[in-house]
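Remarks on the overall topology
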Amino acid sequence: MPEKLLKKTACTLSPLGDSAIVITFGNGMEYSVHKKIKLLKDLLEDEPFAGFIECVPAYTNLTVFYDPLIIYKEQNKSNGNETISPFEVVRSILEMKFQDLKEDKKLIHRTVTIPVCYGYEYGPDLEYVARYNDLTTDEVIHIHSTGEYLAYMIGFAPGFPFLGGLSENIATPRRSSPRMTIPAGAVGIAGMQTGVYPISTPGGWQLIGQTPTKLFLPNVNPPSLLQAGDIVKFHPITDQEYKEMILKEGVQ
């Protein structure tokens, strides 16, 4: 099934298997693209169609998952013996939804502040990031902790936020050799992005600190502290404060 271009919204729709559609709005990590994705996601969740399961935002696209059996049954009720594929039905629904998008609407972002203990054993790459950018470690901490970051998507690992808005003054490439194990709560930098590892996992980001805050909450719905569209701020804490918060939260 070929993808279809919608000129009004400057996006393309293409099938993903037999139960999802990928709607692509752009090519890069841009706020204007994120805004269209978020507006459509909110509209679909507020006004779901029969057979809608969920939609998952990414940097440049929104993937809409649906139940093809429900779609097939619903369209048979409306069209009798006329056969239309579930993909065509959902695509038509989405095309109508696009007409209701108010692109001039201002997004409301939730702000989440995350405490971080920078350096020490919590940030083994902090000095490397400083040397790479010809800065002191204190300057790196100041720049990182005074920025505001937009969560463009959640992925890679449960609850992992890909945060845009990192200052180019501390941008640093990924490690040439990824670590086999990174602890939960590690705060890292990769290129022009920053993020937080919610669970222990392999990874290649430059680690500059660690947070005692839990980002993956398996017993909560949704199970991620952060959601796409959140604004994230980092607050520096001392080693002692970190340990006290760990004990209080019962993380370790």
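Whatever comes next refers back to the structure up there.
This write-up is about the structure you can find in this document.

**A closer look at unusual backbone geometry**
The step from asparagine 221 to proline 222 runs through a cis peptide bond, and the omega angle for that step is 0°. In this fold, proline 222 is placed in the loop between strand S13 (206-210) and strand S14 (231-236). Of note, the phi angle at tyrosine 120 is positive, near 55°, even though the residue is not glycine. As for its position among the elements, tyrosine 120 is in the loop between strand S6 (111-118) and helix H4 (126-132). Unusually for a residue other than glycine, aspartate 134 sits at a positive phi of about 55°. Looking at where aspartate 134 falls in the secondary structure, it is placed in the loop between H4 and helix H5 (137-145).

**Brief notes about the side chain of aspartate 230**
Note on placement: aspartate 230 falls in the loop between S13 and S14. A distance of 2.5 Å separates a polar atom in the side chain of aspartate 230 from a polar atom in the side chain of arginine 110. Not counting the four nearest positions on each side in its chain, aspartate 230 is found in contact with Arg110, Val112, Tyr149, Leu150, Ala151 and Leu225.

**Regarding the nonpolar core**
Core analysis: the biggest nonpolar cluster contains 26 residues, and Ile23, Leu44, Phe49, Val64, Leu94 and Phe98 have the highest contact counts within it. Looking at this core, the elements that each hand over two or more residues are strand S2 (11-15), strand S3 (20-24), helix H1 (31-46), strand S4 (52-57), strand S5 (61-66) and helix H3 (86-99). Within the second largest apolar cluster, 22 residues are counted, among which are Val112, Leu163, Leu215 and Phe234.

**Looking at the pairing of strand S8 (residues 161-164)**
The two faces of S8 match: Pro161 and Leu163 on one face and Phe162 and Gly164 on the other face are all buried. In this structure, the hairpin formed by strand S7 (residues 149-154) and S8 is closed by a connection of six residues, where phenylalanine 156 is found at a positive phi of approximately 70°.

**Section: H5**
Think of an α-helix as turning once every 3.6 residues; residues three or four places apart then point the same way. Here H5 has its buried residues at Val140, Ile141, His144 and Ser145. When H5 is viewed along its axis, its buried side chains cluster within an angular range of 115° and face the same direction. Counted as exposed and oriented over 90 degrees from the buried face of H5: Asp138 and His142.

Parameters and conventions
Residues numbered from 1 in each chain as written. Predicted model: local features only at pLDDT ≥ 70, side-chain atom pairs only at ≥ 80, totals over all residues. Heavy atoms only, no water. Helix = DSSP H or I, 4+ residues; strand = E, 2+ residues; numbered from the N terminus. Polar contact = N/O pair within 3.5 Å; in protein donor to acceptor, adjacent residues only side chain to side chain. Contact = heavy atoms within 4.5 Å. Core = buried A, V, L, I, M, F, W, Y, C linked by side-chain atoms within 4.5 Å. Buried < 20%, exposed > 50% of the residue type's maximum accessible area, 1.4 Å probe, protein only. Pairing = 2+ DSSP bridges. Arc of directions from axis to C-beta.

Just distances and angles here, no functional claims.
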